[in-house]
Amino acid sequence: MIVLNSILTAVAVHALLMRGDGCASASHGGDRCRMTMSRIRPATTSEFRTPAAEGDEPNDRRLTVGRRRLLTGGSLVAASLVGQSLVGSAARAAAGTELSVAKVEITPTAETYLAGYGVDTPRKATGTAAPLFARCTILWHAGVPHVIVSVDVLGFARGLHRSIRSQVVALGLASENFALTATHTHNGPVLPDKLDPFISYAMNSTLQAQVRAYGDQLATTIVQLVRDTLDGPRTACTLDYQVVDQHFSANREKLPYVESDVPVLTARTPGGEPLAVLFSYGCHPVVAGSQTMFDSDYPGDAVTRIEQATGAFAQFLLGPAGDQNPTGTRGWAQRSLRGAELAQAVTTALLRPGRPVAGPTTTHYREVSLPLDVTLTAGNLRDVSAAYAVRSNNLSLPGYYRRHARQMIAQIDAGTFATSIPVPLQSWRFAGSPDLRLLLAGGEIVSGYAVYFRARYGTSNQLMFAGYANEVPAYLASDELLRRPATYAGGIDTDFPGIAGGSMTVYGWLGHLKGRPTAASPDGAEQILIRAIAAALAA
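Residues numbered from 1 in each chain as written. Predicted model: local features only at pLDDT ≥ 70, side-chain atom pairs only at ≥ 80, totals over all residues. Heavy atoms only, no water.

### As for the overall build of the protein
Right, on to step 1. For the protein, the helix and strand inventory stands at 15 helices and 24 strands.
Right, on to step 2. Within the protein, buried positions represent 61% of all 539 residues.
Right, on to step 3. Total accessible area on the protein is roughly 18700 Å²; 56% of this is exposed by carbon and sulfur atoms. (Helix = DSSP H or I, 4+ residues; strand = E, 2+ residues; numbered from the N terminus. Buried < 20%, exposed > 50% of the residue type's maximum accessible area, 1.4 Å probe, protein only. Areas by Shrake-Rupley, 256 points an atom, 1.4 Å probe, with all protein chains shown as cover.)

Right under this line is the structure:
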C-alpha cells in the first residue's frame, strides 16, 4: 500500500546522485483595488508610506507612485502597447536586463469570508489587520518579459489559474514566461474550488456564489495588473543572488528536514542601489493564527518592512512549506516578530551584492499527473463508499471529515471522482558562474523534495526552490510520509488508511497519493514527480 523506500534518506539521495537518472527508489464582496507602479528608483521611506489617494477604484487608471500620479490609457490602448512592447526593438533586445514592478490591493470588504482553517461556521471577516496585495515583477531579458505575480491568498485552484493564465497569454506573453504564486496566508479570502468551500468551510450555495464572484473579480484584477505592468516604465538593472538564513521553521511531520535557507534575488541600479528583491522562505504562513481580520501573515509583514527600510520593491515566494510550521505561539505579536526577523535578514543582504546572474535565459512550463491510490474494481469502490458512510456518521470527527465523506459517496455513485491530480511545474534559468535555477512547483510540496534537488543541483546557492505556484491542488507528500499509518500532509488516517484522510479531505480527493511499496512496484507519485521536476530543471 505505502512505500518503504524514500528519496529523503541520505542513502537514497546518494544513490540517486550516483545513478543520475532523477528517479527515486526509495491550512492547508467588493475590493479596494489600488495599484502602484514605479520606474523603480531609490525612494525615501516616506514615499513608500504614502497611500494611494482615496477614491482610486479598479477602473480608475490613475496609478499612484509615492506622491506622483501616472496616467495610462484605456484598456484597448494598453493592450495595443503591450503587443508593441512584446515585439520589442533591436535596441531593447540588446539592452540586457530591465525591470518593471507594480502592485494592486485586493483586500475584500468586511463581511466576506476567510480561508485557511477547516470550520463548521464560515469565518466572517470583521475588518483588516494588514492589506492584501497582488504584486508583479517583470524581468525583461533581451527585450522579452518574464512575469512573476504573487498574491496574498491561500492558493489558486485549477480553474482560476487556467483562466488567469489564458488571459495573460492572450496579451502576447509566452506561457512559460508567466508564473502565478500564492503567499498562502490563512487569513485571506476564500477562493473557488480549493480548499473546497463546502467541505472545508460549510459554505452554502449562496456563499459559494459570492466566492465565485470574488474569484472572477480577482482574475480580472490580476490580468489588469500584468497588462499595466507590461505597459509601465522599465528600468535598466543588474541582477545578483545570495542565500541568507532564518530559523523559525520546524518540521510538523517530525521529519529531520527543517527549512532555514532564505534565497534573495536582487535587482539593482548600475550603481548598486537595490531596486527590487524577490525572496523566499519555507514556513507555513500561520503565525498569526486563525483570526477574523484579513492579514498577509509574516510574508506581508516582511515585505512591508523591507520596502519601508530600503525603498526597494519587495516580493515573496513561499518555499517548500508543506511540512514546515512556525515555532512559537500564534498571534499578532508573533506574526510581527517573525516578519521583522525575516525582513532584517533580507535588508542586511541588500547591503552587499551577491554573485551576478543574468536572465532568465531559459524558461520551461509543464504539467505532471500524479496518481491517487484508488483501485477501480466495483467491489473496492463499494468498500470505499461503505468506509465513507461510517465516517459521515461519526460525530467525533471534525465536520469537514463528515462533509467530505458525503461528497465522496456522491462522487462514487455518479462516477465523477478523480483518479489523479494535475500539478504544474515551472523553471527559469539565470546565467551565472554557476547558473541559477528557479523552480516553481505547484501544490503544498514537502521539504524533502527540496532536500533532494538541492543536493543534486548544488544547494540553494544554485537552486531557488519554491512551491504554491500556479495551482495548489493538494499536499505533495513523499514516500517517507505515504508509508506512515497516519500523516496529515500525506492524507492518511488510522480509521480507514486506504481512503483520503488529513489534508486530502479539505482538498476534496477520494484517496491519498499513490506510493511505491517495493522497488519492484510500479512508480508512485514520488517517482513521477521527481522525474518531472528533473526534466523541468534540465530544460
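Picking up after the structure, the text goes on.
### Side note on empty space enclosed by the protein
Right, on to step 1. Reported here for the largest cavity is a volume of approximately 130 Å³.
Right, on to step 2. What lines the largest cavity is a set of 16 residues, and nearest its centre among them are Leu99, Thr137, Leu139, Leu265 and Leu278.
Right, on to step 3. Of all the elements in the fold, those that place two or more residues in the lining of the largest cavity are strand E7 (133-141), strand E8 (144-151), strand E14 (261-268), strand E15 (274-281), strand E17 (313-318) and strand E20 (420-432). (1 Å grid on protein atoms, 1.4 Å probe; cavity = no way out; pocket = protein on both sides within 12 Å on 5 of 7 lines; lining within 4 Å. Points joined across faces, edges and corners; volume = space filled by probe spheres on them.)

### Focus: the sheet that holds strand E21 (residues 436-441)
Right, on to step 1. The sheet built from 8 strands is open, its strands ordered E17-E15-E14-E12-E19-E20-E21-E23 with mixed pairing. Of all strands in the sheet, those bounded by a partner on one side alone are E17 and strand E23 (463-466). For this sheet, the mean angle separating the axes of adjacent strands, direction not counted, is 25°.
Right, on to step 2. As judged from the 8 bridges shared by strand E12 (residues 238-245) and E14, these two strands associate in the antiparallel manner. Bridge pairing in E14 places Val243 opposite Pro263. (Pairing = 2+ DSSP bridges. Axes fitted to C-alpha atoms, helices over the stretch in contact; angles between N-to-C directions.)

### Topic: the pairing of E20
Right, on to step 1. Sheet analysis places strand E19 (residues 355-371) next to E20, joined by 12 bridges and oriented antiparallel. Counted as the bridge partner of Ala358 is Ala431 from E20.
Right, on to step 2. Turn length for the E20-E21 hairpin, with the two strands adjacent in sequence and antiparallel, is 3 residues.

### Overview of the side chain of Asn177
Right, on to step 1. Within the secondary structure, Asn177 sits in the loop between helix H5 (158-169) and strand E9 (178-182).
Right, on to step 2. Non-local contacts of Asn177, meaning those with residues more than four positions away in its chain, are made with Val144, Pro145, His146, Val147, Thr363, Gln426 and Trp428. (Contact = heavy atoms within 4.5 Å.)

In short, shape yes, function no, at least from these values alone.
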